[in-house]
Number of protein chains: 2
Amino acid sequence: MATQKEIARRAGVSISAVSAVVNGTTHTRMSEETRARIEGIIADLGYVPNDAARALRRQRAGTIAVVVQKVENPIYREMFHGIYDAAEARGWAVVLGDAMWMRSGSHFLARLLGQGSIDGIIVRSEGLIDDEVMRHLRARPAPVIVVEGRHAQDGRWLAIDDAAAGLVATQHLLDLGHRDIEFVGGASWIPTSERYRGYTEAMADAGLEPRPANRSGFGSSAGAEGFAAILASGRRPTGIVVNNVLSAVGTLNAALDAGVRVPDDLSLIAIHDAEVADDLRPPLATVKMPMAELGARAVEAIAAVLAGAPTRFGLVDSPAPVLIPRASTARPPAVPAPWWTAV
Amino acid sequence: MATQKEIARRAGVSISAVSAVVNGTTHTRMSEETRARIEGIIADLGYVPNDAARALRRQRAGTIAVVVQKVENPIYREMFHGIYDAAEARGWAVVLGDAMWMRSGSHFLARLLGQGSIDGIIVRSEGLIDDEVMRHLRARPAPVIVVEGRHAQDGRWLAIDDAAAGLVATQHLLDLGHRDIEFVGGASWIPTSERYRGYTEAMADAGLEPRPANRSGFGSSAGAEGFAAILASGRRPTGIVVNNVLSAVGTLNAALDAGVRVPDDLSLIAIHDAEVADDLRPPLATVKMPMAELGARAVEAIAAVLAGAPTRFGLVDSPAPVLIPRASTARPPAVPAPWWTAV
DNA sequence: CTGAAAGCGCTTACAG
DNA sequence: CTGAAAGCGCTTACAG
């Protein structure tokens, strides 16, 4: 591949002049004729700068990395979008990786740990990643911003307002007239417990006794287990708040499989909006979270840390979580629902 | 951050010695005492090599990029896995990107186009990416391997056996006794048309007249449109092969919304297995494709091109597409299904 | 206005 | 066995 040296030779100018044309930074007042000649040769040779050399010289790679638990999780869609837009605006490329790849000794991790090729790292949920790995990561000069991980020891975390989301979801069911409402997703994972806290607050405000959370992990099977736990307990709520949209797929299916009619017998609402909510039958009511803003803020935070400037960490509470009503919720049944006795 | 120079100074040795310890390549027979001293200082300072400097010097970055249409599409899950494993085995880190980010002028594209930071690129479906961008990409020294794009002009493509998949899916319905079978997804996109070809072959082998494909794009709405087209045509098949699992979500929902019972009135099967198939009601029968192998082969191809070694491009036909039976298919109804008259 | 030179941090042939 | 030196391709003060 052509280098600036080769172009300079052909154009009969110095490398500095070529670099100036490529970057438009110094030698700005060079003769129009020279500039045109250099540009012509650049085009002819299809010259493209060597990013490794640039990164070494500039001490900045121009790339940030985003690591999430499962890239195929649809709730990241908007966050990626927000990150990409904010990064492009600041001159960064974004690359994605899966947390599963961060096993110690992997080359993927080496690239994150090494200097020179990644300027900053956005990691989803430090709690889901090996502590040892996080410690190594934080020892590097590239700033590490944790999204959805409030306990980041260095204080560099951003999170959505999970408690508010739990409250909005629960309030929606209360507004419809439900009083017997359960929560699926009582994990020790912080965002989930915050959502549960929102649920308990809404219940308490309505003068109702919150129920204990029905444990759930991630994915649809966890949501199904949460529903099974409710069945097993003998309780028959008219509404359920599920801590996340993917689990809700399992909750909904478990309910349907048990012969429960949604929303006639049981209303369902989940936190995080995603396309899948429209693809369910019935379509699932959700609470949409400001994921794009979360992503954009994370990029801003990297820029601020790199610049030594102050920045706001903490809750991204604007826009607020917003209800996306869909057919999975309705007024509670006037008479005890059939599923009280069906199982 | 510490450099080899700093470590050499503290250890009272040359940079060469430090580099030797870091890489274990030269100076292999240095005294045990010296090696231990150097290693101690490396650990104390938390030294990590600078990837940019390495990439510049070695003329190899140690990273390959994978670009797909929508990272959240679950059919990539296994392909990413196959790519990751094969890449790690060869000493490469993998980074992911979305094709949506490849707009001309983006920094993401610049990183792919630039030299020095990416050794090879795996692109899903060149047909879905701007020709101009592909041309630029191919002008770079980093090999570009297209997966699912049979018309790659440079011959560097790999694809799964879409025709075989169409055949397996159709044969499954034929084996159940269906004779009136439609195909949803008659796009000009090559993999889809190959799947349709498999459908026509299976039908012809069974002595049946294949139906024209019902146009469909991507995503669930496309599958719903395909179903609507069948309804509008007045035809009432007992079985439908949907060209991909995401479209099938829409096809299934459209059928259910129209009051059609699946599989009692209508059997449904889709190409590409994914978790979502289990999350549908009824769970969706699919044909599982060798996506992990496809990914691994793409990595091998990059390695081969880089090494100037010959490699096999073309169809990844082993393992063959395999039927994953689920509850969405059954024997055709004995009497004309209600939905013949329902709509 | 333009060029020569230093140096980013590393690897590797080469000299001793 | 170990070190000095060159050079990967670039950017940027600095000299002229």
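Preceding this section is the structure that the text describes.
Keep in mind it's a predicted model, so treat the numbers as computed, not measured.

Colleague: Quick question: what am I supposed to make of the overall build of chain A here?
Modeller: Along the backbone of chain A there are 14 helices and 11 strands. In summary, chain A has a C-alpha radius of gyration of 26 Å against a globular reference of 20 Å for 343 residues, an excess of more than 25%. Principal-axis analysis of the C-alpha atoms gives chain A an extent of 90 × 35 × 35 Å. Across the 343 residues that make up chain A, the buried fraction comes to 55%. Relative to all contacts within chain A whose residues are 6 or more apart in sequence, the contacts with residues 24 or more apart total 70%. As displayed, chain A offers around 13,800 Å² of accessible surface, 52% of which is attributable to carbon and sulfur atoms.

Colleague: Can you walk me through the interface of chain B and chain A in this structure?
Modeller: By a widespread convention, an interface's size corresponds to the accessible area lost as its parts come together. With 53 residues of chain B at the interface, the matching set in chain A holds 53 residues. Of the roughly 4,700 Å² buried between chain B and chain A, counting both surfaces, carbon and sulfur atoms make up 55%. Taken together, chain B and chain A are joined by seven salt bridges. Residues Arg111 of chain A and Asp51 of chain B are paired through a salt bridge, measuring 3.4 Å at the closest nitrogen-oxygen approach. One can count 29 residue pairs in polar contact (both at pLDDT 80 or more) joining chain B with chain A.

Colleague: For this particular structure, what's the right way to read the relation of the copies chain B and chain A?
Modeller: A rotation about an axis combined with a shift along that same axis relates the two copies of the chain. Once turned by 180 degrees and shifted 0.0 Å along the axis, chain B lies on chain A with an RMSD of 0.0 Å. Accordingly, the operation relating the two chain copies is best matched by a two-fold axis. Among all C-alpha atoms of chain B, that of Glu72 of chain B lies closest to the rotation axis, at 1.8 Å. The share of interface residues of chain B whose copies in chain A are also at the interface is 100%, consistent with both copies meeting through the same surface.

Colleague: In this structure, what is going on with the packing of helix 1 (residues 4-11) of chain A against helix 2 (residues 15-23) of chain A? I would like to understand it.
Modeller: For any two helices packed against each other, the geometry comes down to the angle between their axes and how far apart the axes lie. Residues and elements named next belong to chain A. One can describe the packing of helix 1 onto helix 2 by two numbers: an axis separation of 8 Å at closest approach and a directional angle of 110 degrees. The angle between the axes of helix 1 and helix 2 places the two elements in the roughly perpendicular class. Helix-helix and strand crossings are classified by hand; for helix 1 and helix 2 the assignment is right-handed. Contacts from Gln4, Lys5, Ile7 and Ala8 in helix 1 reach Ile15, Val18, Ser19 and Val22 in helix 2.

Colleague: Explanation requested: the sheet that holds strand 7 (residues 239-242) of chain A in the structure shown.
Modeller: The pairing of strands in a sheet happens through backbone hydrogen bonds and is either parallel or antiparallel. Residues and elements named next belong to chain A. The mixed open sheet is built from five strands, whose spatial order is 6-7-8-9-11. Two strands lie at the open edges of the sheet, namely strand 6 (181-184) and strand 11 (322-324), each paired on one side alone. The sheet shows a mean angle of 20 degrees between the axes of neighbouring strands, direction not considered. Pairing of strand 6 with strand 7, which is carried by four bridges, proceeds in the parallel orientation. Each bridged residue has a counterpart across the sheet, and for Val184 the counterpart in strand 7 is Val242.

Colleague: Hey, could you run me through the packing of aromatic side chains in this one?
Modeller: By the definition in use, this model includes 12 aromatic pairs over all chains. On the numbers, 5.2 Å between centres and 10 degrees between planes, the contact of Trp101 of chain A with Tyr84 of chain B is stacked. Of the two residues, Trp101 of chain A sits in the loop between strand 2 (93-98) and helix 6 (107-113) while Tyr84 of chain B sits in helix 5 (residues 77-89), which places them in two different chains. Side by side, Trp101 of chain A and Tyr84 of chain B carry an identical accessibility label, which is buried. Ring pairs connect the aromatic residues Tyr84 of chain A together with Trp101 and Phe108 of chain B, which therefore count as one cluster.

Colleague: Looking at this model, I keep getting lost on helix 1 of chain A. Mind explaining?
Modeller: An α-helical segment advances 3.6 residues per turn. Residues three or four places apart therefore align on the same side. All names here are of chain A. Here helix 1 has its buried residues at Gln4, Ile7, Ala8 and Ala11. Summarising the axial view, the buried residues of helix 1 lie within an arc of 100 degrees, below the 170-degree limit, and thus occupy one face. Across helix 1 from its buried face, at more than 90 degrees, point the exposed residues Lys5 and Arg9. Directly beyond the C-terminal end of helix 1, a positive phi value near 70 degrees is found at Gly12.

Colleague: Mind showing me how you'd approach the sheet that holds strand 6 (residues 181-184) of chain B here?
Modeller: Residues and elements named next belong to chain B. Sheet architecture is open: five strands sit in the order 6-7-8-9-11, paired in mixed fashion. Each edge of the open sheet is held by one strand with a lone partner, namely strand 6 and strand 11 (322-324). Here the strands of the sheet are splayed against their neighbours by 20 degrees on average, with no regard to which way each runs. Pairing between strand 7 (residues 239-242) and strand 8 (residues 267-271): four bridges, direction parallel. Residue Val242 lies in a different strand from strand 8, and its bridge partner there is Ala270. Lying over the sheet, helix 9 (residues 190-205) contacts strand 6 and strand 8, oriented at roughly 170 degrees with respect to strand 6. Against the sheet, helix 11 (residues 245-257) contacts strand 6, strand 7, strand 8 and strand 9 (285-288), and its axis sits at roughly 160 degrees relative to strand 8.

Colleague: Explain the side chain of His178 of chain B here, please?
Modeller: Residue and element names in this part refer to chain B. Among the structural elements, His178 can be located in the loop between helix 8 (162-175) and strand 6. His178 gets classed as buried once you look at its relative accessible area, which sits at 1%. A distance of 2.6 Å separates polar atoms of two side chains, one belonging to His178 and the other to Thr238. Ignoring any residue separated from it by four or fewer positions in sequence, one finds His178 in contact with Leu173, Thr238, Gly239, Ser267, Ala330, Arg331 and Pro332.

Colleague: Would you explain the pairing of strand 7 of chain A in this entry?
Modeller: Side chains on a regular strand alternate between the two faces of the sheet. Side-chain alternation along strand 7 of chain A places Gly239 and Val241 of chain A on one buried face and Ile240 and Val242 of chain A on a second face that is also buried. Of the crossover connections in this fold, the one passing from strand 7 of chain A over helix 11 (residues 245-257) of chain A to the parallel strand 8 (residues 267-271) of chain A is right-handed.

Colleague: Can you help me understand the environment of Ser14 of chain A in this one?
Modeller: Turning to its location among the elements, Ser14 of chain A is positioned in the loop between helix 1 and helix 2. On a C-alpha basis, the gap between Ser14 of chain A and Ala89 of chain A in space is 32 Å, while along the polypeptide they are 75 residues apart.

Colleague: So what exactly am I meant to see when it comes to the pattern of salt bridges here?
Modeller: Two side chains of opposite charge can pair, provided their charged atoms sit close to one another. Under the criterion given, the structure shown has 45 salt bridges over all chains. The partner of Glu182 of chain A in a salt bridge is Arg235 of chain A, with the nearest N and O atoms 2.6 Å apart. Residue Glu182 of chain A is found in strand 6, and its partner Arg235 of chain A is found in the loop between helix 10 (219-233) and strand 7; the two are separated by 53 residues along the sequence. Overall, Glu182 of chain A belongs to the buried group, its relative accessible area being 0%. A relative accessible area of 24% means that Arg235 of chain A is categorised as partly exposed. Here the salt bridges share partners, and the residues they tie into one network are Lys70 and Glu72 of chain A together with Arg77 and Glu275 of chain B.

Colleague: Is there a simple way to think about unusual backbone geometry in this case?
Modeller: Phi is mostly negative for residues that are not glycine, and the peptide bonds are mostly trans. In the segment running from Arg281 of chain B into Pro282 of chain B, the intervening peptide bond is cis, with an omega of 0 degrees. Here Pro282 of chain B lies in the loop between helix 12 (276-279) and strand 9. Positive phi is not limited to glycine here, since Gln59 of chain A has a value of about 60 degrees. Position of Gln59 of chain A among the secondary structure elements: in the loop between helix 4 (51-58) and strand 1 (63-68). Using a relative accessible area of 58% as the deciding quantity, one classes Gln59 of chain A as exposed. A positive phi angle, near 90 degrees, is found at His272 of chain A, a position not held by glycine.

Criteria and cut-off values
Residues numbered from 1 in each chain as written. Chains lettered and ligands numbered in written order. Predicted model: local features only at pLDDT ≥ 70, side-chain atom pairs only at ≥ 80, totals over all residues. Heavy atoms only, no water. Helix = DSSP H or I, 4+ residues; strand = E, 2+ residues; numbered from the N terminus. Rg over C-alpha atoms; globule rule 2.2 N^0.38 Å. Buried < 20%, exposed > 50% of the residue type's maximum accessible area, 1.4 Å probe, protein only. Contact = heavy atoms within 4.5 Å. Areas by Shrake-Rupley, 256 points an atom, 1.4 Å probe, with all protein chains shown as cover. Buried area = accessible area lost by both parts, 1.4 Å probe. Salt bridge = Lys/Arg side-chain N within 4 Å of Asp/Glu carboxyl O. Polar contact = N/O pair within 3.5 Å; in protein donor to acceptor, adjacent residues only side chain to side chain. Least-squares fit on C-alpha atoms with pLDDT ≥ 70 in both. Axes fitted to C-alpha atoms, helices over the stretch in contact; angles between N-to-C directions. Parallel < 35°, antiparallel > 145°, perpendicular 65-115°, else oblique. Left-handed = near helix turned anticlockwise from the far one by under 90°. Pairing = 2+ DSSP bridges. Phe/Tyr/Trp six-rings, centres within 6.5 Å; stacked < 30°, edge-to-face > 60°. Arc of directions from axis to C-beta. Right-handed = clockwise from strand over helix to strand, strands pointing away.

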